[in-house]
Every structure is written in C-alpha cells, then in structure tokens.
Amino acid sequence: MTTTADQLPLLLEEIEVVRVEKLSPSFVRVEFGSPALADLGVDGPLYDQRIKLIFPNAAGRLPSFESADDSWWETWLDIPEGERGAMRTYTVRALHGSGADTRLVVDFVVHGEGDASGPGGDWGAHAAVGQRVMTMAPRRGVEFGGIEFDPGTAKRLLLVGDETAVPAVAAILECLPATARGAVFLEVPVADDVLTQRAPDGVKVHWLPRDGAPRAEAIHAAVLEHLGEEPTGPAVADDVDPDLWETPTYSSSGEDVGAAVRAVGHEFDDLYAWIAGESSMVTGLRRALVKGLGIDRHQVAFMGYWRLGVAMRS
Ligand SMILES: Cc1cc2nc3c(=O)[nH]c(=O)nc-3n(C[C@H](O)[C@H](O)[C@H](O)COP(=O)(O)OP(=O)(O)OC[C@H]3O[C@@H](n4cnc5c(N)ncnc54)[C@H](O)[C@@H]3O)c2cc1C
C-alpha cells in the first residue's frame, strides 16, 4: 500500500519562510507558513516543545517525503550525507494564526564562522522570505513527545539556559499560570541580546550577558547564589557527554531512574529545576545541584542542547 506523508503520526512537511525579524545581534526570528501547519499542535501547553528542521543540501535541494511511510527515518539516513541535507533540533517559540494560516515561529541563534558555524545557525543567519525547509513536528491529537518541562507539584521553579534555550524558556514562561513562582537565569552572548520577556509576577527573570567573559561562569555562580550556596566545583565540566539528557524519567547515561533513591525531607523538596544549554555548562550545574546540594534527581531536568566544538548528528 502506498502511503503519503499526511498519513504519518507526525508532520513531515516542507514549510516556507513568510517573515524574518532580526531580534538582536544573536537572535533571528523566522516565521514559517504552510497549509500543512494546520495540523501542527499538541493537546495542552507547548512549553519547550522541540521539533526537527532539515535544511537544504549544498545544491539547495530538500529531500522529498511525499510517499513516506513508517520507515521514513531509515530511508532518509540511506541518502548519502551530502545529499540529504542537515537535520537539527529547534524549539517551537510560538504558533500564530490557525488553520491553513498557522505560522510556526522559531528563534535561531546566529553563532560563529568557520569551525564554529553549522548548517542550522548559518541558515538562520541568512534566512529570507520564500526559502524552504522540512519540519518534523507534532501532529495534533497524536502522541509525539518532545516536551520535557514537567514540574509536577513543585512550588517553585528554577529555569536556567544559555542562548539556545532562551526560546524554550520564553515559551515555557508564556504557558505558566499567573500564580507560578520561581527564578529564571538566561545567559546570552552580549547585552543587546537581552529581550523583553513576559513572565508571571512571581517569576524573576535574570539576564546574564557574557560580553566576552567565559561561558557558564556567571550563570553557574548566580544559580548557586540563588540557592544560598557558594560555588565550589568548576562552572564547566570537561568530561562531558555531548548527548547529555537527564530528566526525571530518562537518563542518557543509562541510569535506572526509577530505582534512583528519592531525597525526602530536603530543603529543596519544593523545587523543580529545568536546565538546558551547552553540555559542559549543564554538566557543571548538574554536579553542583545533584551531587553538591543533594537535590533529588527526580526534580531536575538537565539537557545538553549542544556541545562546543561538536556538530550535532542528524
Ligand atoms: C531540544 C532542543 C531545542 C533547541 N532549540 C533551539 C532553538 O530554538 N534555537 C537555536 O538556535 N538552537 C536550539 N537548539 C540548539 C541547536 O540544535 C544547536 O545549537 C545546533 O548545534 C545548531 O546546529 P548548527 O547546524 O548551527 O551547528 P552544528 O553543525 O551542530 O555545530 C557546528 C559547530 O557550531 C557550534 N555551535 C552549535 N551551536 C552553537 C551555538 N549556539 N553557539 C556557538 N557555537 C555553536 C558547534 O559546537 C560546532 O562547533 C536546541 C537544541 C535542542 C536539543
């Protein structure tokens, strides 16, 4: 039987740039449109919903998924690397409009040149109306995954991210109830990257521009100070898993999360921490919070969104 992409349990569609806005030196906001986006959505708040984007290959061509079936992923991987285009992970910053006029908003971090550049960042830096990418995104009404923010019954929140996690934190903040309480720490490359951000009154947002200072130092110290502690270990770890992904329900290191001992009667029992960004920064905070302060690993999500010097695998 021949299938078509619109029968898959996820959206696998070509979408077109309809608007580009340079938000600051490091952020470019791109709005995508396509009648296919009418089916994009989740049954509940989007929070930090992640999606995949496939950028055109060197010849400017995108793969075709017109008759894709459940084996689309293997079929795509079978295409020689130079031809299939590069796939990277991004966050749904917002969805505007509805039906066939739905627009998917993605905020791209513009980063580096030469070794520090990559297909995703480069594409975002030069995005123009009319250009096209493929997206793999949740189809409304079908379970997709990709939302990690899950504070349960926690009374206070701690959200920490570098520039790549700013879109996710911003989207989470806009989904929170007005009664939410907590603190947010966002590290960005320069002071002009500090964006206006709506948040509940009880959630204080701290922007920490690096302005040339080493990555992670200020944010590591600020988070520990917020928790009433002095930094003891290094802000960045050097023995880092580039695929670091440790949440209350999943461990990239293979830890049996269900069997992990619960820390009860702890001063941070009411806290839920969500931390994402460059993997060595996230690992440094993981050690400080879980090993140093003894925060229950069931109350934290530590996500390596990217790794300095390492191109993300498709
Ligand atoms: C769940 C999730 C959500 C994400 N959401 C977003 C988002 O909304 N917006 C966004 O911009 N990114 C987001 N990212 C991060 C993004 O996927 C990575 O930064 C990715 O590496 C970018 O791909 P690339 O092709 O530009 O670089 P790659 O080809 O992956 O890497 C090439 C080189 O660039 C370096 N590099 C990659 N990213 C950066 C960076 N930000 N700053 C400095 N150097 C870098 C690498 O270390 C490497 O040396 C998200 C990642 C995850 C896992």
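Everything that follows concerns the structure shown earlier in this document.
From a predicted model like this one, the values you see are computed outputs, not experimental measurements. (Residues numbered from 1 in each chain as written. Predicted model: local features only at pLDDT ≥ 70, side-chain atom pairs only at ≥ 80, totals over all residues. Heavy atoms only, no water.)

Participant: Help me out: how do you make sense of the side chain of T283 in this one?
Facilitator: You can see T283 is positioned in helix α6 (residues 279-292). In this view, T283 contacts A237, V240 and L244; residues no more than four positions away in its chain are not counted. (Helix = DSSP H or I, 4+ residues; strand = E, 2+ residues; numbered from the N terminus. Contact = heavy atoms within 4.5 Å.)

Participant: Would you mind going over the site of the ligand with me for this structure?
Facilitator: Around the ligand, a shell composed of 28 residues is seen, among which H111, G120, G121, G309 and M312 lie nearest. Separating an oxygen atom of the ligand from a backbone N or O atom of D115 is a distance of 3.2 Å. R307 places a main-chain nitrogen or oxygen 2.8 Å from an oxygen atom of the ligand. Surface burial for the ligand is 94%, taken as the share of its 920 Å² of free accessible area covered by protein chains. Secondary-structure elements contributing two or more residues to the shell around the ligand are β4 (86-91), β6 (103-109), α3 (119-125) and β14 (300-306). For the shell around the ligand, the leading source of residues is β4, giving four residues. Classifying every residue of the shell around the ligand gives 13 nonpolar, nine polar and six charged. (Near = heavy atom within 4 Å. Polar contact = N/O pair within 3.5 Å; in protein donor to acceptor, adjacent residues only side chain to side chain. Areas by Shrake-Rupley, 256 points an atom, 1.4 Å probe, with all protein chains shown as cover. Nonpolar A, V, L, I, M, F, W, Y, C, P; charged D, E, K, R; others polar.)

Participant: How do you make sense of the sheet that holds strand β10 (residues 203-209) when you look at a structure like this?
Facilitator: The strands making up a sheet are joined through hydrogen bonds of the backbone, oriented either antiparallel or parallel. Ordered in space as β10-β9-β8-β13-β14-β11-β12, the seven strands form an open sheet in which the pairing is mixed. One side of each edge strand has no neighbouring strand; the edge strands of this open sheet are β10 and β12 (250-251). By the bridge criterion, five bridges tie strand β8 (residues 156-161) to strand β9 (residues 182-188) in an arrangement that is parallel. Within the sheet, the bridge partner assigned to V160 lies in β9 and is F185. The sheet contacts of helix α5 (residues 217-226) involve β8, β9 and β10, and relative to β9 the element is tilted by about 170°. Across the face of the sheet, α6 comes into contact with β8, β11 (245-247), β13 (271-278) and β14 while running at roughly 155° to β13. (Pairing = 2+ DSSP bridges. Axes fitted to C-alpha atoms, helices over the stretch in contact; angles between N-to-C directions.)

Participant: Any chance you could explain α6 here in plain terms?
Facilitator: Along an α-helix, residues three or four apart share an orientation, since each turn contains 3.6 residues. Its 14 residues give α6 an end-to-end C-alpha distance of 18 Å, which sits within 8% of 20 Å, the value for a rise of 1.5 Å per residue. When we look at burial in α6, the residues that qualify are S279, S280, M281, V282, T283, G284, L285, A288 and L289. Those residues of α6 that are buried are in contact with β8, α5, β13 and β14. Looking one or two places after α6, you find G294, whose phi comes out positive at around 70°. (Expected span 1.5 Å × (residues − 1). Buried < 20%, exposed > 50% of the residue type's maximum accessible area, 1.4 Å probe, protein only.)

Participant: Honestly, the pattern of salt bridges in this entry has me stumped. Any pointers?
Facilitator: Pairing is possible between side chains of opposite charge, provided their charged atoms come close. Per the counting criterion, the structure on display carries 21 salt bridges. For R210, the salt bridge identified is with E163, shortest N-O distance 2.8 Å. Of the two residues, R210 sits in the loop between β10 and α5 while E163 sits in the loop between β8 and α4 (166-175), which places them 47 residues apart along the sequence. This pair shows no difference in class: R210 is buried, exactly as E163 is. Each of the salt bridges in this network shares a partner with another, and the network as a whole consists of R29, R93, D107, E174 and R198. (Salt bridge = Lys/Arg side-chain N within 4 Å of Asp/Glu carboxyl O.)

Participant: Is there a simple way to think about the nonpolar core in this case?
Facilitator: Burial of nonpolar side chains together is a common tendency in soluble globular proteins. Core analysis: the biggest nonpolar cluster contains 27 residues, and F149, L159, L173, L176, V184 and W274 have the highest contact counts within it. Those elements that place two or more of their residues in this core are β8, α4, β9, β10, β13 and β14. Ranked by residue count, the leading element in this core is α4, at five residues. (Core = buried A, V, L, I, M, F, W, Y, C linked by side-chain atoms within 4.5 Å.)

Participant: What is the right way to look at the sheet that holds strand β5 (residues 94-96) in this model?
Facilitator: The strand order across the open sheet built from seven strands is β4-β3-β7-β1-β2-β6-β5, with neighbouring strands paired in antiparallel fashion. Looking at strand neighbours, the two that pair on one side only are β4 and β5, the edges of this open sheet. Between one strand and the next, the sheet's axes are offset by a mean angle of 35°, whatever the strand orientation. Inspection of the sheet shows strand β3 (residues 50-55) paired to strand β7 (residues 132-138) by three bridges, in the antiparallel sense.

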